[in-house]
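A structural walkthrough
The primary structure of each chain is shown beneath.
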Amino acid sequence: MKFLVFIEQREGKIRKASLEALSLARRLSGGPAAAALPGKGIAALAADLSRYGAGTVYVADREDLALYSNKGYVGVLDAAVGKESPDAVLIAATAMGKDIAPRLAARRGVSVLADVMDLRVEGGRLVGSRPVYSGKARAEADCGNATLQIATTRPNVFPAEAREAPAPRIEPLDPGEIAPRAKVLRVETSESKELDVSEADIIVSGGRGIKGPENWPLIRDLQQALGAALGASRAVVDAGWIDHQHQVGQTGKVVSPTLYVACGISGAIQHLAGMGTSKVIVALNKDPEAPIFKVATYGIVGDIFQIVPEVAKAVREMKKE
Ligand SMILES: Cc1cc2nc3c(=O)[nH]c(=O)nc-3n(C[C@H](O)[C@H](O)[C@H](O)COP(=O)(O)OP(=O)(O)OC[C@H]3O[C@@H](n4cnc5c(N)ncnc54)[C@H](O)[C@@H]3O)c2cc1C
């Protein structure tokens, strides 16, 4: 089966989620896959993609692709589909990927297997498993008899595997005139250079149990000890205790880290929808009946104001050893 993978880069850095999708394509096809890489000044990034499974990289390196536009980036992916004629396209289910996938599908008149957490090939067809009902159940789906099968892959679920490989074949790609209806003029990033929860391997999150924004240092201490990103429940975001970029959940970011530590978070279904697939979940809550304990791998019932500093201290001591 022939795969094409969309490669997302921001500010000249390839997103790990795209490398995960590329490695998955190599695993499913048993050989190299093709990749499509749009942007400006990004040609040098293409060489490294072979380590993750790219045999051919279609590079569209143009001034008008410097900033993301859905029309421009979908145009590049569509042009790469035209050149490569793949059986399947994989796109990481990041904010950008979720914007691109349905647009490519609409252009090609096919459907999308969205946000898959498991993907396999059965009789030449992709079969994906995806969470439904806010993560309460999993549904298996395929793309029917579509000539082009498109799937978006949930970040941090599939491993990005680097292996020694010869340099990829680089194919310059011209998507033609783009003429976007809306143009991104500039991107303003937040002042803080905080680790993004959707990219992080470890997340420490705080909820209403922290009592007030003046108590973030309690959570930050553990976050820093673990080298983690800072997450939050919607309750504390809505209360204005922290910026929305930290929110995990149905209306926040969907994360799947190796370790998720929930401090003073009840575990409402909408929060679980965003973190329920984390590999190890640690819950710290004073209420033994809190729903978060139903999904937790490990739990401590108690006051976070006592427990969190102890855990942070223990982590620091273990790291010293
Ligand atoms: C449409 C919709 C979308 C939503 N989207 C999201 C979303 O994306 N993300 C999200 O998080 N929520 C979302 N919510 C809100 C969700 O339903 C909950 O209201 C929210 O998650 C609760 O946040 P919390 O756990 O911080 O607060 P609470 O539910 O108030 O829980 C606080 C917890 O802290 C514990 N606690 C208190 N003091 C201490 C202490 N000293 N030590 C230890 N534990 C303590 C309590 O026992 C309690 O379990 C959404 C709701 C709706 C309706």
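Report on the accompanying structure. (Residues numbered from 1 in each chain as written. Predicted model: local features only at pLDDT ≥ 70, side-chain atom pairs only at ≥ 80, totals over all residues. Heavy atoms only, no water.)

1. Some points on the site of the ligand
Put simply, the rule is: Throughout, the term near means that a residue has one or more heavy atoms lying within 4 Å of the molecule or strand in question. Polar contact is the term for a pair of N or O atoms within 3.5 Å; when the atoms are in protein, one must be able to donate a hydrogen and the other to accept it, and sequence-neighboring residues count only if both atoms are side-chain atoms. Per-residue accessibility takes into account occlusion by the displayed protein chains alone, with areas from the Shrake-Rupley method and a 1.4 Å probe. Elements are defined by DSSP. Helices are runs of H or I of four residues or more, strands are runs of E of two residues or more, and each kind is numbered from the N terminus. Ten residues, namely Ala, Val, Leu, Ile, Met, Phe, Trp, Tyr, Cys and Pro, are considered nonpolar, four, namely Asp, Glu, Lys and Arg, are considered charged, and the remaining ones, Gly among them, are considered polar.
Lining the immediate surroundings of the ligand are 26 residues, of which S233, T251, S266, Q270 and N285 lie closest. R208 places a polar main-chain atom, nitrogen or oxygen, 2.8 Å from an oxygen atom of the ligand. Surface burial for the ligand is 77%, taken as the share of its 990 Å² of free accessible area covered by protein chains. Only helix 5 (234–238), helix 6 (269–275) and helix 8 (304–320) provide two or more residues apiece to the shell around the ligand. Considered class by class, the residues forming the shell around the ligand number 6 nonpolar, 14 polar and 6 charged.

2. Some details on the side chain of R62
Selection rule: A contact between two residues is defined here by any heavy atoms of the two lying within 4.5 Å.
Counting through the fold element by element, R62 comes out in the loop between strand 5 (54–61) and helix 2 (70–84). A distance of 2.8 Å separates polar atoms of two side chains, one belonging to R62 and the other to D174. Those residues in contact with R62, other than ones at most four positions away along the chain, are G39, K40, D174, P175, G176 and I178.

3. Quick word on helix 3 (residues 95–108)
Residues that lie three or four places apart on an α-helix share one face, since the helix turns once every 3.6 residues. For clarity, the threshold we go by: For a helix, the expected span equals 1.5 Å multiplied by the number of residues minus one. Partly exposed residues are those whose accessible area sits between 20% and 50% of the maximum for their type, while under 20% is buried and over 50% is exposed, using a 1.4 Å probe and protein chains only. This arc describes the spread of directions from the helix axis toward the C-beta atoms.
With 14 residues, helix 3 should reach 20 Å at 1.5 Å per residue; the first-to-last C-alpha distance of 21 Å fits that figure. If you check which residues of helix 3 are buried, you get M96, G97, I100, A101, L104 and A105. All buried residues of helix 3 fall inside an arc of 140 degrees around its axis, so they share one side. Among the exposed residues of helix 3, those oriented more than 90 degrees off its buried face are A95 and A106. The inward-facing, buried residues of helix 3 abut strand 1 (3–6), strand 2 (9–10), helix 2, strand 6 (88–92), strand 7 (112–116) and strand 11 (149–153).

4. Overview of the nonpolar core
Where we set the bar: Working definition of a nonpolar core: buried Ala, Val, Leu, Ile, Met, Phe, Trp, Tyr and Cys residues. They are joined through side-chain atoms within 4.5 Å.
One finds L4, L49, L77, V89, L90 and I150 to be the most contacted residues of the largest nonpolar core, which totals 54 residues. Grouped together as the second largest cluster of nonpolar side chains are 25 residues, L226, A232, I242 and L259 included.

5. Thoughts on the pattern of salt bridges
Counted only if it meets this: By definition, a salt bridge exists where a carboxyl oxygen of Asp or Glu is found within 4 Å of a side-chain nitrogen of Lys or Arg.
This model, assessed by the stated rule, comprises 20 salt bridges. A salt bridge links E8 to R15, with the nearest nitrogen and oxygen atoms 3.2 Å apart. Owing to a relative accessible area of 2%, E8 belongs among the buried residues under this scheme. With a shortest N-O distance of 3.1 Å, K253 and D196 are connected by a salt bridge. Here the residue K253 occupies a position in the loop between helix 5 and strand 15 (259–263), and D196 occupies one in the loop between strand 12 (169–172) and strand 13 (202–206), the gap between them amounting to 57 residues. Residue K253 is classed as partly exposed on the basis of its relative accessible area, which comes to 25%. A relative accessible area of 26% means that D196 is categorised as partly exposed. Because the salt bridges share partners, they merge into one network encompassing E8, R10, R15 and E199.

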